[in-house]
Amino acid sequence: MKKLIRVDHPLLHHSLSFLRDANTATEVFQHHAAIVSQILILEATRDLAVRERDVITPLAQTKGQSVQENVVLVPVLRAGISMLLSARAFLPWAPVGFIGLERDEHTAIARAYYQKFPTRLENKRLIVLDPMLATGGSLIDTIVKLEAQGVHDTRAVCIVAAPEGIAAVQERFPHVSIYTAAIDSHLNEMKYIVPGLGDFGDRYFGT
Ligand code: PRP
Ligand code: URA
């Protein structure tokens, strides 16, 4: 299986351009964040296991499908919240765990301030939602905590990823798949993604 998946779709790139644009208003940013998230989540769930089921339409009996996989969704607070509604629209039954991480403005090292995971994570397929993969520190901390609880087949869905963060995650967790709309150029001296889109959480929540 491919471990770094750059998702390509004209509607994805259309919406991503609004996210990148410094002049995009908060409500427009929210709208396009939802569209980008939906397209990425569709890709990250493309290979979910299904089982056949009987369906009776108003006209006849036919065969349908039900998703079989046990998925757990974990948005990384705060910015990951922006992707949660999109993911739950497709997977409304999936339990949701939360982890709160905030990067120090000077060191860019993430500090954990909140954690609430569902019980019985063994053998659940993990989908981590975090729009920005910069140094990789936040994603690595998240995966360490969840894999210690027994999840498997970890996938990360990130809207924009920096090469530095991708390399750090891949080195630590070669088995983790990363789905992203964009692999940007580099991190600046403040560890922000360039060209990136700025601080996702601030732009999404209007802070
Ligand atoms: C952002 C983003 C990621 C993290 C990525 O969160 O949402 O969680 O930075 O950076 P890293 O790869 O270098 O760890 P931030 O710390 O700004 O907090 P926020 O979501 O509350 O805005
Ligand atoms: N977090 C963000 O929101 N943006 C970046 O460019 C890096 C980390």
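The structure presented is a predicted model; accordingly, all values stated were derived computationally and were not measured.

Note the cis peptide between L77 and R78, where omega equals 0°. Looking at where R78 falls in the secondary structure, it is placed in the loop between β4 (71-77) and α3 (81-90). Phi is positive for N123, close to 65°, though the residue is something other than glycine. Within the secondary structure, N123 is located in the loop between β6 (110-116) and β7 (125-129). In this structure N123 comes out as exposed when scored by relative accessible area, which is 59%.

Below, the discussion takes up the site of ligand 1. Residues in close proximity to ligand 1 total 17 residues, the closest being R103, D130, T135, G136 and S138. Residue G136 places a main-chain N or O atom 2.8 Å away from an oxygen atom belonging to ligand 1. Taking S138, its side chain carries an N or O atom lying 2.6 Å from an oxygen atom of ligand 1. When ligand 1 is considered free in solution it has 500 Å² of accessible area, and contact with the protein chains removes 92% of it. Here ligand 1 is seated within the largest pocket. The element that contributes the greatest number of residues to the shell around ligand 1 is strand β5 (residues 98-103), accounting for 3 residues.

Right, let's get into the pattern of salt bridges. Counted according to the given criterion, the structure contains 12 salt bridges. Of the charged contacts in the structure, one is a salt bridge between D8 and R6, with a shortest N-O distance of 3.5 Å. Accessibility expressed as a relative area gives 42% for R6, which makes it partly exposed. The shortest N-O distance in the salt bridge between R125 and D47 comes to 3.2 Å. With R125 in strand β7 and D47 in the loop between α2 (26-44) and β2 (50-56), this residue pair connects regions lying 78 residues apart in the sequence. Given the relative accessible area of 3%, R125 is considered buried. Members of the salt-bridge network, linked through shared partners, are D47, E69, R125, D153 and R155.

Quick notes on the rules
- Residues numbered from 1 in each chain as written.
- Chains lettered and ligands numbered in written order.
- Predicted model: local features only at pLDDT ≥ 70, side-chain atom pairs only at ≥ 80, totals over all residues.
- Heavy atoms only, no water.
- Helix = DSSP H or I, 4+ residues; strand = E, 2+ residues; numbered from the N terminus.
- Buried < 20%, exposed > 50% of the residue type's maximum accessible area, 1.4 Å probe, protein only.
- Near = heavy atom within 4 Å.
- Polar contact = N/O pair within 3.5 Å; in protein donor to acceptor, adjacent residues only side chain to side chain.
- Areas by Shrake-Rupley, 256 points an atom, 1.4 Å probe, with all protein chains shown as cover.
- 1 Å grid on protein atoms, 1.4 Å probe; cavity = no way out; pocket = protein on both sides within 12 Å on 5 of 7 lines; lining within 4 Å.
- Sits in = over half its atoms within 2 Å of the grid points.
- Salt bridge = Lys/Arg side-chain N within 4 Å of Asp/Glu carboxyl O.

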